[in-house]
Amino acid sequence: MPLTQSQLTEWSNWCKTNLHRGLSPASLAEQMSRSGIEQAYIEKALGPAFGTEVRAASHDAFANCAITKRVGQTPGVKKLATRKAQVFTWADFLTAAECDKTIQLIEGHLRPSTVTDTRGDANVRTSSTCDLGELSDPFVFDLDRKISAALGIHWSYSEPNQGQKYLVGQEFKSHTDYFEPRTAEYLPNTAERGQRTWTFMVYLNSTPEGGATRFPRLEKLFRPKQGMAVIWNNLTPEGEPNPYTLHHGMKPRRGEKYIITKWFRERGWAPLDYTEEMAASGV
Ligand SMILES: O=C(O)CCC(=O)C(=O)O
Ligand SMILES: [Fe+2]
């Protein structure tokens, strides 16, 4: 049976929401097919994702994505002067209005933060989390596209956007964002989308005291400044987990701290490169 225009729009929105939540195009096509939707409409609803497969991009492509070429080109972007890891900052990446709007969204949907492996310490992460990517909010999709274009990697390689809130005394103790190979957390977390690659984190407020992000092995500390992004590759250019990226979300001593984090993976369903033009056209 043919779909009406409004039914097609509804299915297209359903696809968009679920693709941004990290579901694969094949699994969505299968669900639509089970709902009795004809192939031609499945193709329309999925758009560019139709017929694609989730697969790994090359480590070289990750190590040379657009952010690595922005210093001196894009105002506000700096590279940390070290050969040990690829770390960048981007001042005023989000406007104050975008930050405030994101904080409002986070405030409405908080749960206690979790980790994949506590390593025996129940207090390893004491903050609260908001699964922004689950909200199906067009503003969050815009954020996804803006972050992906800034980094230069298509959003299908990324996990859904997360917001974090730290009250005075709350923290995320030293950890790496990659999954530790040869541990129990490794396979269940990497089987589908692969290892974590880049982390894109944005400070949504300027915490008055404390709350820095510390990279002890790089001897570097970033202080939360509203709108500033800290962006790093958790892997080496060869694709191995990079232990130098160990970091600690420190306790705010006064005031709160709000951030968003987006983690990128080795596998996605689109070509890796993603530009501002693509983001503006809504793909
Ligand atoms: O809060 C921070 O500064 C760091 C957060 C972090 O490391 C994470 O969410 O993975
Ligand atoms: Fe982290």
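The numbering scheme is per chain: residues are counted from 1 as the chain's sequence reads. Whichever chain is written first becomes A and whichever ligand is written first becomes 1, with later ones labelled in order. Only residues with pLDDT of 70 or above have their local features reported here, since the model is predicted, and side-chain atom pairs are shown and tallied only from 80 upward, although totals for entire chains, interfaces and linings are computed over all residues. In computing side-chain values, all of the structure's heavy atoms are included and hydrogens and water are not.

The name an unreviewed UniProt entry assigns to the protein chain is Prolyl hydroxylase family protein, from the organism Ponticaulis profundi. UniProt positions are given in the numbering used here, feature names are shortened, and annotations may be inferred rather than shown by experiment. The UniProt entry for the protein chain carries the following text under Cofactor (unreviewed entry): "L-ascorbate".

A. Local environment of the domain arrangement of the protein chain. What marks off one domain from the next here is an automatic or database domain assignment. One can read the domain layout of the protein chain as domain 1 (5–49) and domain 2 (57–280). Should any heavy atoms of two residues lie within 4.5 Å, those residues are considered in contact. Residue-level contacts link eleven residues of domain 1 with ten residues of domain 2. Interface of domain 1 and domain 2: buried area, both sides summed, is about 990 Å²; carbon and sulfur atoms make up 58% of it. Buried area counts how much accessible surface, traced with a 1.4 Å probe, disappears from two parts once they are put together, with both parts' losses summed. Among the residues domain 1 hides against domain 2, the three largest losses belong to T17, H20 and R21. Together they make up 57% of the total. Salt-bridge detection follows one rule: a side-chain nitrogen of Lys or Arg within 4 Å of a carboxyl oxygen of Asp or Glu. At the boundary of domain 1 with domain 2, the tally comes to one salt bridge. Linking R21 and E134 is a salt bridge whose minimum nitrogen-to-oxygen distance equals 2.8 Å. Residue type decides the class: Asp, Glu, Lys and Arg count as charged, Ala, Val, Leu, Ile, Met, Phe, Trp, Tyr, Cys and Pro as nonpolar, and the leftover types, Gly among them, as polar. The residue makeup of the side of domain 1 that touches domain 2, split by class, is five nonpolar, four polar and two charged.

B. Examining the layout of surface pockets more closely. A cavity, in this analysis, means grid points on a 1 Å lattice covering only the protein atoms where a 1.4 Å probe fits yet has no way out; a pocket is instead an open set bounded by protein on both sides within 12 Å along at least five of seven lines, and a residue lines either one if it has an atom within 4 Å of a point. Grid points are joined across faces, edges and corners, and a volume is the space filled by probe spheres set on the points. Its boundaries defined by the atoms lining it, the largest pocket holds a volume of some 850 Å³. Around the largest pocket, the lining is made up of 38 residues, and of these T116, E159, F179, R196 and R265 lie nearest the centre. Within the residue set of the lining of the largest pocket, elements represented by two or more residues are β7 (172–175), α7 (186–190) and β15 (257–265). A helix here means a DSSP run of H or I that spans at least four residues, while a strand means a run of E at least two residues long, and both kinds are numbered starting from the N terminus. With three residues, β7 is the single largest residue contributor to the lining of the largest pocket. For the lining of the largest pocket, the residue count by class is eleven nonpolar, twelve polar and 15 charged. The residue makeup of the lining of the largest pocket includes at least three contributed by each of domain 1 (5–49) and domain 2 (57–280). Taken together, 20 residues line the second largest pocket, and the ones lying closest to its centre are P48, W155, W269, G282 and V283. Residue assignment for the lining of the second largest pocket shows that the elements contributing at least two residues are α1 (5–20) and α3 (39–46). Sorting elements by how many residues they give to the lining of the second largest pocket places α1 first, with five residues. Partitioning the lining of the second largest pocket into residue classes produces twelve nonpolar, six polar and two charged. When we break the lining of the second largest pocket down by domain, the ones giving at least three residues each are domain 1 (5–49) and domain 2 (57–280).

C. Just the site of ligand 1, in detail. Only a single heavy atom is needed: when it lies within 4 Å of a molecule or strand, its residue is near that molecule or strand. Contacts to ligand 1 come from 13 residues, most closely from Y166, H175, T213, H247 and K257. Here a polar contact is recorded for every N or O atom pair within 3.5 Å, except that within protein the pair must consist of a potential hydrogen donor and a potential acceptor, and residues adjacent in sequence are included only if both atoms are side-chain atoms. One of the side-chain nitrogen or oxygen atoms of H175 is found 3.0 Å away from an oxygen atom of ligand 1. A distance of 3.2 Å separates an oxygen atom of ligand 1 from a polar atom in the side chain of D177. Only the protein chains shown count as cover for residues, and the accessible areas themselves come from Shrake-Rupley with a 1.4 Å probe. For ligand 1, the accessible surface in isolation is 300 Å², of which the surrounding protein chains cover 100%.

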